[in-house]
Amino acid sequence: MIDLGKLIAERIRDVADYPKPGVVFKDITPLLADHVAFAGVVDAIVSHHGRGTVDKIVGIEARGFILAAPVAYHFGAGFVPVRKKGKLPARAHEQTYDLEYGTETIEMHADALRPGERVLIVDDVLATGGTAQAAAELVRRGGGEVVGLSVLMELSFLNGRDKLGNLDVHSLVTV
C-alpha cells in the first residue's frame, strides 16, 4: 500500500529565493512527472468528493489547471478555467483580491456555469486564501454552488483556511 501523503511530500521540491528573495517556492513538477504520484493525487480528490456530486470543476491559473482537468475528466464534469485578468476572450466576471504585496484580479467567463451547478474548485496550493476566496465568489456570481475546494498542498502557517468561512477545504498535504 502506498502512503500517498509521504509520496506527495517526497515529490514536491523546495526552490529557495524563487520567484523573489526570501520565498521558498513549492515546485510540483517532480510530482507531475511521477505517474503514480500524479494519478494518486487525482484519484484522492475524486474519491474525497465522490463521483456524481460535481457538475463543473474550476481550475485556478496556472498549476491548478494541471490538476483540475484530469479531476474533471474523472468526475465526468466540465472544466472551467479561472484566469488572470485579460486572458479570457469572452465576457467575464472579475474579482479583485488582496495579496501581501498588492492586489490581483482573476476572471471567469460569465457563461461558464448554469444556475445551481455544483462546482468544485481545484488548485495546487492554499496559501493566504485570497485566490480561493475570489474564485469562490466568481462561482457564486456565475450562479454556481461551491461544494468545496481541493488543493494538493496547504501552507497552514499562512492561515488561508480562515478566510474561507464554512467552505469544505480538502488538502492532501499540510505543511
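In the block above lies the structure referred to throughout.
Below is a short write-up of the structure.

About the thresholds
Residues numbered from 1 in each chain as written. Predicted model: local features only at pLDDT ≥ 70, side-chain atom pairs only at ≥ 80, totals over all residues. Heavy atoms only, no water. Helix = DSSP H or I, 4+ residues; strand = E, 2+ residues; numbered from the N terminus. Buried < 20%, exposed > 50% of the residue type's maximum accessible area, 1.4 Å probe, protein only. Pairing = 2+ DSSP bridges. Polar contact = N/O pair within 3.5 Å; in protein donor to acceptor, adjacent residues only side chain to side chain. Contact = heavy atoms within 4.5 Å. Axes fitted to C-alpha atoms, helices over the stretch in contact; angles between N-to-C directions.

**Brief notes about unusual backbone geometry**
So, point 1. The linkage connecting Y18 with the following residue, P19, adopts the cis geometry, with an omega of 5 degrees.
So, point 2. Secondary-structure assignment places P19 in the loop between strand 1 (13–16) and strand 2 (24–27).
So, point 3. The linkage connecting E61 with the following residue, A62, adopts the cis geometry, with an omega of -10 degrees.
So, point 4. Inspection of the secondary structure puts A62 in the loop between strand 3 (56–60) and helix 4 (63–75).
So, point 5. The backbone phi angle of D17 is positive, close to 60 degrees, even though this residue is not glycine.
So, point 6. Residue placement: D17 occurs in the loop between strand 1 and strand 2.
So, point 7. A relative accessible area of 48% places D17 in the partly exposed class.

**Some thoughts on the pairing of strand 9 (residues 169–174)**
So, point 1. A large share of strand 9 lies buried, amounting to 5 of its 6 residues.
So, point 2. Bridge analysis of strand 8 (residues 145–154) against strand 9 gives 5 bridges, and the strand direction is parallel. Residue pairing across strands places L149 opposite V169, the latter belonging to strand 9.

**Thoughts on the side chain of K26**
So, point 1. Among the structural elements, K26 can be located in strand 2.
So, point 2. A distance of 2.8 Å separates the side chain of K26 from the side chain of D14, its partner in a polar contact.
So, point 3. Discounting chain neighbours no more than four positions away, the residues touching K26 are I12, R13, D14, R63, M153 and L155.

**Looking at the pairing of strand 6 (residues 102–109)**
So, point 1. The pairing of strand 4 (residues 78–84) with strand 6 spans 2 bridges and is antiparallel. When the sheet's bridge partners are listed, R83 is paired in strand 6 with E107.
So, point 2. Pairing of strand 5 (residues 92–99) with strand 6 involves 8 bridges; the strand directions are antiparallel. Across the sheet, the residue bridging to H93 is M108, located in strand 6.

**Structural notes on the sheet that holds strand 6**
So, point 1. With mixed pairing, the 7 strands of this open sheet are ordered in space as 5-6-4-3-7-8-9. Of all strands in the sheet, those with a lone pairing partner are strand 5 and strand 9, marking the two edges. The mean inter-strand angle of the sheet, taken between neighbouring strand axes irrespective of direction, is 20 degrees.
So, point 2. Here strand 7 (residues 118–126) pairs with strand 8 via 8 bridges, running parallel. In the strand pairing of strand 8, V122 is matched with S150.

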